[in-house]
Amino acid sequence: MCGIVGYTGTQNAAPILLEGLKKLEYRGYDSAGIAVMDAGSISVNKVKGRIANLCERTDDGSSVSGTTGIGHTRWATHGAPTEENAHPHLSNDGRFAIVHNGIIENYMNLREELISDGYVFQSETDTEVIVHLLEMYYRGNVRDALIRTANRLSGSYALGVICSEEPGRIYAVREKSPLILGLGMGENFFASDVTALVNHTRNVIYLEDGEFAELTPEEIRVFDVTGRELIKTPSRILWDVQAAEKGGYEHFMLKEIMEQPAAVKATIAPRIRDGAVVFEELRDVGELISGVRKIIITACGSAYYAGCAGKYALEKLTRIPVEVVLASELRYSDPLIDSETLLIVISQSGETADTIAAMKECSQRGARTLAVVNVVGSTVATLADYTVYTWAGPEIAVATTKGYTTQVAVLYMLSVCFARALGRIGEEEKMLTEELQQLPRLIQQAIDLNPSIPLLAKKYHASKALFFIGRNTDYAVALEGALKMKEISYLHAEAYAAGELKHGTIALIEEHQPVVALCCNPDIMEKTLSNIVEVKSRGAEVLALTFRNNQKILSVADDLLFIPAVSALFSAVPEIVPLQLLAYHVAKENGCDIDKPKNLAKSVTVE
Ligand code: F6R
């Protein structure tokens, strides 16, 4: 999500750190900072906004002296994008500065413990607990303090650390977040992304989970969690800068599809504690949901489809009626809203004009508003009475993928949390949270189960049109699957509730017409099967998306996409993944500009 860099050598560190941070700009960020060590003291410069502001403040780094330092670009997750929340963070005694990429899942407990031990927090970030733990465990040996600190952390982190007691030395630690060490001549580097290294060196060491590195200008040493030294073999970076930015993937969209297991884990894992869903940010959930007679979900595009997918779990678990309304329609519909209405507003960017307008309209009519947003500090997040962040990390491809799956994941968690607060579930919560925790693994399986998608794309890419059909939760996913297909491949794609076909659309089915049939909901599978038979008997080619052992569907479909076994209540998250990949490969076959489809923008700030 964020980006980190580190340098130790004989040159002035600040200009090198700033240049490295600029190379990470493409990932998206909202604040940046550097910490440089000189003559036993650490100076920190941080800004909200662009790296250009940091360059201006430090005269392109020339006003900061010192040859050892660390830097960071932040994309806010815990706490607004402010100077205080920007990294590096300093320990209370000023001895340590750290930069962090990732999420510390148990930071709330650690924060409480450190505050009661007298540590003073300067920021709202999860990161700051790490620097205070370092101060607490430091007894003259940084490596030991780091190992003890890491033992207390759960979550993902790539850390860069400097200590004023050890001039010329930087430390790096990796746990489930990328970290690469760069080997120079009389200087060494680290970065979260090879793009920040390639201008200096192509000889790198990829740190693995649980590994610690100590860098001085002369050498790099790597240790495991027990302090045992490891022998690491350097690799050579062969990627050009453009390929490196995409993590070796051809497009950001593919990179973001592949990031979904990690993104959904970042959304879910910190919010499940002892078998219960906990949203700290909602304060008193009982007070929020009691007295709510109706929930309206509003959003645009894929965010609207995320609402359609989440509606089923919300209604099933809370038994409160849920309407999903397009924001551009809701705002002009003279909506029936009062103080007993909860408006859930979904937006990746938090800046979509129609969504903001619908939210203001409903708020004026007395609705309580709860925003599900990715971009911290965005307009939707700021205007809402309650805000839940999806923590998906920056999304660069115009077509959303991890934005959508993390939105649906939040709706699932809200369903469980509200149902408990309303007394509609008891013991079942444990089982439901276990199912939610499986979602990242199930997404990975949905990727791994479908190696034939590039071949299927070759078969279907020249079709005139594609129909996506499904019922209930499958229909909701079909809507998003069809949108993905049309926006990036420019193929005409439409989603229909499978039971509706015979009321008109079936007239369009002719010989070889492709129909993508979603059959992942056992409750209504038989019904969808009848619809498959209806279109097949009119000559359609059926590409079915279902479970691997689903013999009935397997025997009638022409081609197959698979998802792993998943409960129907939470199926949309893994189910969309093969359809994202199908759209991606069809678009690739058609030679489309996948990351920037024509006529589309990432954030739609006009009506
Ligand atoms: C489709 C897509 C759009 C957005 C829509 C809302 O892939 O990305 O349909 O979902 O423009 O955007 P946000 O979520 O930023 O409000």
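Only a predicted model underlies this, so the values are computations on that prediction, with no experimental measurement involved.

1. Digging into the sheet that holds strand β5 (residues 89-90)
Strands sit in the order β5-β6-β7-β8-β12-β13-β14 across an open sheet of 7 strands; the sheet is antiparallel. Each end of this open sheet is capped by a strand with a single partner; those strands are β5 and β14 (229-230). Direction of pairing for β5 relative to strand β6 (residues 96-104): antiparallel, over a ladder of 2 bridges. Counterpart to L90 in the pairing with β6 is A97. Helix α4 (residues 128-137) contacts β5, β6 and β7 (155-163) of the sheet and is inclined by roughly 135° relative to β6.

2. A look at the site of the ligand
Inspection of the region around the ligand gives 13 residues, with S347, Q348, S349, T352 and E487 positioned closest. At a separation of 2.6 Å, an oxygen atom of the ligand approaches a polar side-chain atom of S347. In the model, an oxygen atom of the ligand is placed 2.5 Å from a nitrogen or oxygen of the E487 side chain. A total of 410 Å² of accessible area belongs to the ligand in isolation, and the protein chains cover 89% of it. Mapping the ligand onto the cavity grids shows that it belongs to the second largest pocket. Those elements that place two or more of their residues in the shell around the ligand are α10 (301-318) and α17 (473-489). When residues of the shell around the ligand are assigned to their parent elements, the largest contribution, 3 residues, is made by α10.

3. Quick word on the layout of surface pockets
Roughly 570 Å³ of volume is contained in the second largest pocket. Along the walls of the second largest pocket sit 29 residues, with C300, G301, S302, K602 and V604 positioned nearest its centre. When residues of the lining of the second largest pocket are traced back to their parent elements, those giving at least two are α10, β20 (341-347), α12 (353-364) and α17. No other element matches the 5 residues that α10 contributes to the lining of the second largest pocket.

4. Observations regarding the environment of L422
Looking at the secondary structure, you find L422 in the loop between α14 (402-421) and α15 (428-448). Exposure remark for L422: the relative accessible area of 27% places this residue in the partly exposed category. Each C-alpha atom of the pair L422 and L581 lies 38 Å from the other, and the pair is 159 residues apart in sequence. Setting aside residues up to four positions removed in sequence, L422 forms contacts with I289, S290, T318 and I320.

5. Thoughts on the pairing of strand β22 (residues 386-389)
Residues of β22 alternate between two faces, with Y386 and V388 on one and T387 and Y389 on the opposite face, all of them buried. As paired strands, strand β21 (residues 368-373) and β22 are joined by 4 bridges and run parallel to one another. Residue L370 lies in a different strand from β22, and its bridge partner there is Y386.

6. Focus on the state of the cysteines
Taken as a whole and judged by the stated rule, the model has 0 disulfides. Unpaired in this structure, C519 has its nearest cysteine sulfur neighbour in C520, at a distance of 6.8 Å. The exposure class assigned to C519 is buried, which follows from its relative accessible area of 1%.

Each value, and the rule that gives it
- Residues numbered from 1 in each chain as written.
- Predicted model: local features only at pLDDT ≥ 70, side-chain atom pairs only at ≥ 80, totals over all residues.
- Heavy atoms only, no water.
- Pairing = 2+ DSSP bridges.
- Helix = DSSP H or I, 4+ residues; strand = E, 2+ residues; numbered from the N terminus.
- Contact = heavy atoms within 4.5 Å.
- Axes fitted to C-alpha atoms, helices over the stretch in contact; angles between N-to-C directions.
- Near = heavy atom within 4 Å.
- Polar contact = N/O pair within 3.5 Å; in protein donor to acceptor, adjacent residues only side chain to side chain.
- Areas by Shrake-Rupley, 256 points an atom, 1.4 Å probe, with all protein chains shown as cover.
- 1 Å grid on protein atoms, 1.4 Å probe; cavity = no way out; pocket = protein on both sides within 12 Å on 5 of 7 lines; lining within 4 Å.
- Sits in = over half its atoms within 2 Å of the grid points.
- Points joined across faces, edges and corners; volume = space filled by probe spheres on them.
- Buried < 20%, exposed > 50% of the residue type's maximum accessible area, 1.4 Å probe, protein only.
- Disulfide = S-S within 2.5 Å.

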